[in-house]
Amino acid sequence: MSNPTGVGTAHRSSRAALLDSIRAAGQISRVELTRETGLTGATVSTVVRRLIDDGLVVESGRAESTGGKPAVFLSLDLDARFAVGIHLDHAGITYVLSNLGGAVVGRWRRPGAGADSPEVVVARIAAELTTFVARIGVDPDRLLGLGVVSPGPITSSIGMVLTPPVMEAWTGFPLADALQEAAGLPVLLENDATAAAIGEYWSGPIETSTCFAALYMGTGIGAGIMVNGDVYRGATGNTGEVGHVCIDIDGPACWCGGQGCVEALAGPAAVVAAARAAGLKLPGRGVVGDFAMLARDATRGEGVPRTLLLRSAAYIAVAAQALANILDLDEIVLTGPSFALAGSLYVPAIRAQLTRSFFARASHQVAVVISPHASEAAAIGGAALVLQSGLAPRRSSQRIPVVDGRPTLEPSR
Ligand SMILES: [Zn+2]
């Protein structure tokens, strides 16, 4: 790590900075923490003592002695706290339970919201959550909260404020409050792409000094943006909507109200529609199911599916380049269920585009990789959102009511 992560920078407190440094390092001594964070030895010592007393950090061995007293290593107690991530979609609801390090210890896929009313779905989620946690055998007292990921745009106080047509009933529904009431745990809401970016950061090998974007493709396309470990949220937490950049002013209408958007021209729904128009037989299992079949056929050989997917990849490469040019990115991580299926076709197209025409290419390359958790990235990100907001909050983090590493349901807003 090239940048100290001290309290003067992005973290809300010295406690947050230290916990985040211990998480990122895996194992680290107090002396190294002092160097890393820029905090004094006395502060490191006091705060680490409190983290150990709260059960979040443990002493995990000693360094090789170099003559003097060997340094004691610190690491997270991974089973000290857990968080649940929920990806709420009309086609499916995915639950994951992550430990303090962000590793998934349990997952469950259930039927989606479908045409049920939000009230019915919230009651079902609360019941399924109890079953899920009991089945894994985690003490509910160790749960920090729920991170719910749903299609954007969202607001933390209301929920979804503009929904894709299939989830219209959810527009304006107070999702966080209703679920908090039903489940008895703090609830945070986030859009899929931003959650995925936080998930990559919390559990992945991303350096704290990296400026990266998680380019997320599910049924839509968006990007979560992270700068030096801090999410870039914009005015209301709805940044990175690269799928709704217009690349053809005479292009087709998009559900967002725009015209000729990247998503309308090249998103999974557009690919599926083009395949139908070309006379291909599709299973009719919704956009993701039909796109999955096309992706499978496209990766196996030539023909119409491959032509359509490569055309989509060419458009999305242009969108990725726009994002990289505006933000001067170090890295783009492709994630979400559609990249999980077809990422191998999109990576070369995006790499080639950036090599050819990324504005700052003379200074540095932009790494393009597929997330190892692409298919469940939204739910994993929901859990990571809770861990980061609750235990190592950044200035940009949503507020989760946690006192001494324990959730509290006292009103936080
Ligand atoms: Zn649009």
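All figures in this text were calculated on a predicted structure; none of them were measured in a lab.

Draft legend 1. Looking closely at the environment of A274. Inspection of the secondary structure puts A274 in helix α8 (residues 268–277). The class of A274 is partly exposed, set by a relative accessible area of 29%.

Draft legend 2. Fine view of unusual backbone geometry. One non-glycine residue, D328, lies in positive phi territory at about 50°. By relative accessible area, which is 40% here, D328 ends up partly exposed.

Draft legend 3. Layout of the nonpolar core. Grouped together as the largest cluster of nonpolar side chains are 49 residues, with contacts concentrated most on L19, L33, L51, L56 and V57. Within the residue set of this core, elements represented by two or more residues are α1 (14–25), α3 (41–53), β3 (72–76), β7 (143–150), α6 (192–203), β11 (211–217) and α12 (377–391). The biggest single contributor to this core is α12, with 10 residues. L33 has contacts with L18, S21, I22, I28, G38, V44, V48 and L74, leaving out every residue within four places of it along the chain. Of all hydrophobic cores here, the second largest spans 41 residues; its members include I316, L323, A324 and V366.

Draft legend 4. Spotlight on helix α2 (residues 30–37). Looking only at α2, the buried set comprises L33, E36 and T37. Take α2 and look down its axis: the buried residues cluster within an arc of 80°, on one side only. Opposite the buried face of α2, by more than 90 degrees, sit the exposed residues V31 and R35. Looking one or two places after α2, you find G38, whose phi comes out positive at around 80°.

Draft legend 5. Broad picture of the coordination of the zinc ion. Taken together, H244 (ND1), C254 (SG), C256 (SG) and C261 (SG) make up the full set of protein donors to the zinc ion, lying 2.0 to 2.4 Å away. In this structure, the zinc ion is surrounded by 4 donor atoms whose angles at the metal cover 104 to 123°, and the resulting shape is tetrahedral. Written as a sequence motif, the donor residues of the zinc ion are H-x9-C-x1-C-x4-C. Taking relative accessible area as the criterion, C254 reaches 10% and is therefore assigned buried.

Cut-offs and rules
- Once a new chain begins, its residue numbering starts again from 1 and follows that chain's sequence as written.
- Totals for whole chains, interfaces and linings use every residue, but because this is a predicted model, local features are given only for residues with pLDDT of at least 70 and side-chain atom pairs only at 80 or more, for both listing and counting.
- To obtain the side-chain values, all non-hydrogen atoms of the structure were used and water was disregarded.
- Helix and strand assignments follow DSSP, with helices taken as H or I runs no shorter than four residues and strands as E runs no shorter than two, numbered in order from the N terminus.
- We call a residue buried when its accessible area falls under 20% of the maximum for its residue type, exposed when it is over 50%, and partly exposed in between, using a 1.4 Å probe and counting protein chains only.
- Residues belong to a common nonpolar core when they are buried Ala, Val, Leu, Ile, Met, Phe, Trp, Tyr or Cys residues joined through side-chain atoms within 4.5 Å.
- The criterion used for residue contact is that any of the two residues' heavy atoms lie within 4.5 Å.
- Directions drawn from the helix axis to the C-beta atoms are what define this arc.
- Metal-coordinating donors are taken as N, O and S atoms lying within 2.8 Å of the metal, or within 3.2 Å when the metal is Na, K or Ca; because water is left out, some sites can appear incomplete.
- Each label reflects the angles at the metal, where four donors whose angles all fall between 85 and 135 degrees are tetrahedral, four or six donors whose opposite pairs open beyond 155 degrees and whose other angles stay between 65 and 115 are square planar or octahedral respectively, and the rest are irregular.

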